[in-house]
Amino acid sequence: AQSVTQLGSHVSVSEGALVLLRCNYSSSVPPYLFWYVQYPNQGLQLLLKYTSAATLVKGINGFEAEFKKSETSFHLTKPSAHMSDAAEYFCAVSEGDYKLSFGAGTTVTVRA
Amino acid sequence: EAGVVQSPRYKIIEKKQPVAFWCNPISGHNTLYWYRQNLGQGPELLIRYENEEAVDDSQLPKDRFSAERLKGVDSTLKIQPAELGDSAVYLCASSSTGLGEKLFFGSGTQLSVL
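This report concerns the structure included in the present document. (Residues numbered from 1 in each chain as written. Chains lettered and ligands numbered in written order. Predicted model: local features only at pLDDT ≥ 70, side-chain atom pairs only at ≥ 80, totals over all residues. Heavy atoms only, no water.)

Considering the interface of chain B and chain A
Contacts between the two partners involve 25 residues from chain B, matched on the other side by 20 residues from chain A. For the pair chain B and chain A, the two sides together bury roughly 1700 Å², of which 55% comes from carbon and sulfur. Linking chain B with chain A are four residue pairs in polar contact (both at pLDDT 80 or more). Elements with a minimum of two residues in the side of chain B that touches chain A: strand 4 (31-37) and strand 5 (44-50) of chain B. In terms of residue class, the side of chain B that touches chain A is built from nine nonpolar, 10 polar and six charged. (Contact = heavy atoms within 4.5 Å. Buried area = accessible area lost by both parts, 1.4 Å probe. Polar contact = N/O pair within 3.5 Å; in protein donor to acceptor, adjacent residues only side chain to side chain. Helix = DSSP H or I, 4+ residues; strand = E, 2+ residues; numbered from the N terminus. Nonpolar A, V, L, I, M, F, W, Y, C, P; charged D, E, K, R; others polar.)

Below, the structure is given as structure tokens:
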């Protein structure tokens, strides 16, 4: 069965600084990988997804993630944090069976 | 286009009472999901529908939870009777058919069982 581990439940960054959110997965087959963002009092929104095409995936709002099979990782980055990036971020994995397994989430705080 | 609509937004009930949640997915989305999100955790799948058929309900606690998706559009999730441990946010999501398709989530129903 697939699973996801997100390292760090809380990340605090200064405005303009690099945002790095770590995600490691386990899967018995080539996975589909996703990052979702949840703003307060809103539903989850897809940031980006990896479905076996390019290993560097670009998403919305300047985020990107790199799939590294050797490290079983799918870390999310953004070069320069904005105040509007404050939210909770979830990494998720699917083995192509429609069942998404989510990580516990990482809350991002952006300091002015 | 309209997103996934859920109601109510909040629900507070006493234990042993019944409760129901409603979801209207995005028009044309055949696949509908119900997830439960406990505080500080990621969402966990309860049930998945393809049109009106529940194709994966292995994680649904069937002794107290039930769900239906009549006519393959709207869906309701019911808990009877509710327990203290059922306090969580219940999320509905929908997607087009196809592996790797992204899910569109509603804002959820936050349930508090007292």
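Side note on the sheet that holds strand 3 (residues 19-24) of chain B
Residues and elements named next belong to chain B. Taken in spatial order, the four strands make up an open sheet running 1-3-8-7, and their pairing is antiparallel. Edge positions in the open sheet fall to strand 1 (5-7) and strand 7 (65-68), since each of these has one partner strand only. Taken over all neighbouring pairs, the strand axes of this sheet differ in orientation by 15° on average, direction set aside. Pairing analysis gives four bridges linking strand 7 to strand 8 (residues 75-79), with the strands arranged antiparallel. Directly across from Ala 67, in strand 8, lies its bridge partner Leu 77. (Pairing = 2+ DSSP bridges. Axes fitted to C-alpha atoms, helices over the stretch in contact; angles between N-to-C directions.)

Observations concerning the layout of surface pockets
Estimated volume of the largest pocket: approximately 370 Å³. Lining the largest pocket are 18 residues; nearest its centre among them are Gln38(A), Gln37(B), Leu39(B), Val89(B) and Gln110(B). No other element matches strand 9 (residues 88-95) of chain B, which puts three residues into the lining of the largest pocket. Split by residue class, the lining of the largest pocket holds six nonpolar, 10 polar and two charged. (1 Å grid on protein atoms, 1.4 Å probe; cavity = no way out; pocket = protein on both sides within 12 Å on 5 of 7 lines; lining within 4 Å. Points joined across faces, edges and corners; volume = space filled by probe spheres on them.)

Describing the packing of aromatic side chains
Here a ring pair, both rings aromatic, is described through the centre-centre distance and the interplanar angle of the planes. On inspection of all chains with the given rule, the structure shows 13 aromatic pairs over all chains. The interplanar angle of 85° and the centroid separation of 6.4 Å between the aromatic rings of Phe90(A) and Phe102(A) together place this pair among those described as edge-to-face. Residue Phe90(A) is found in strand 9 (residues 87-94), and its partner Phe102(A) is found in strand 10 (residues 101-102); the two are separated by 12 residues along the sequence. Summarising the burial analysis for this pair, Phe90(A) and Phe102(A) share the class buried. Aromatic rings pair up to connect Phe34(A), Tyr36(A), Phe90(A), Phe102(A), Tyr33(B), Tyr35(B) and Phe105(B) into one cluster. (Phe/Tyr/Trp six-rings, centres within 6.5 Å; stacked < 30°, edge-to-face > 60°. Buried < 20%, exposed > 50% of the residue type's maximum accessible area, 1.4 Å probe, protein only.)

Topic: the state of the cysteines
Formally, a disulfide is one covalent bond, and it connects the sulfur atom of one cysteine to the sulfur atom of another. Applying the stated rule across the entire model yields two disulfides over all chains. Here Cys23(A) pairs with Cys91(A) through a disulfide, and the sulfurs are 2.0 Å apart. Its S-S torsion of approximately -65° makes the covalent link between Cys23(A) and Cys91(A) left-handed. Of this pair, Cys23(A) sits in strand 3 (residues 19-26) while Cys91(A) sits in strand 9, and the two are 68 residues apart along the sequence. Note on cysteine connectivity: Cys23(B) is disulfide-linked to Cys92(B), with sulfurs 1.9 Å apart. What sets the handedness of the Cys23(B) and Cys92(B) disulfide is the S-S torsion sign, and at about -70° it is left-handed. Of this pair, Cys23(B) sits in strand 3 while Cys92(B) sits in strand 9, and the two are 69 residues apart along the sequence. (Disulfide = S-S within 2.5 Å.)

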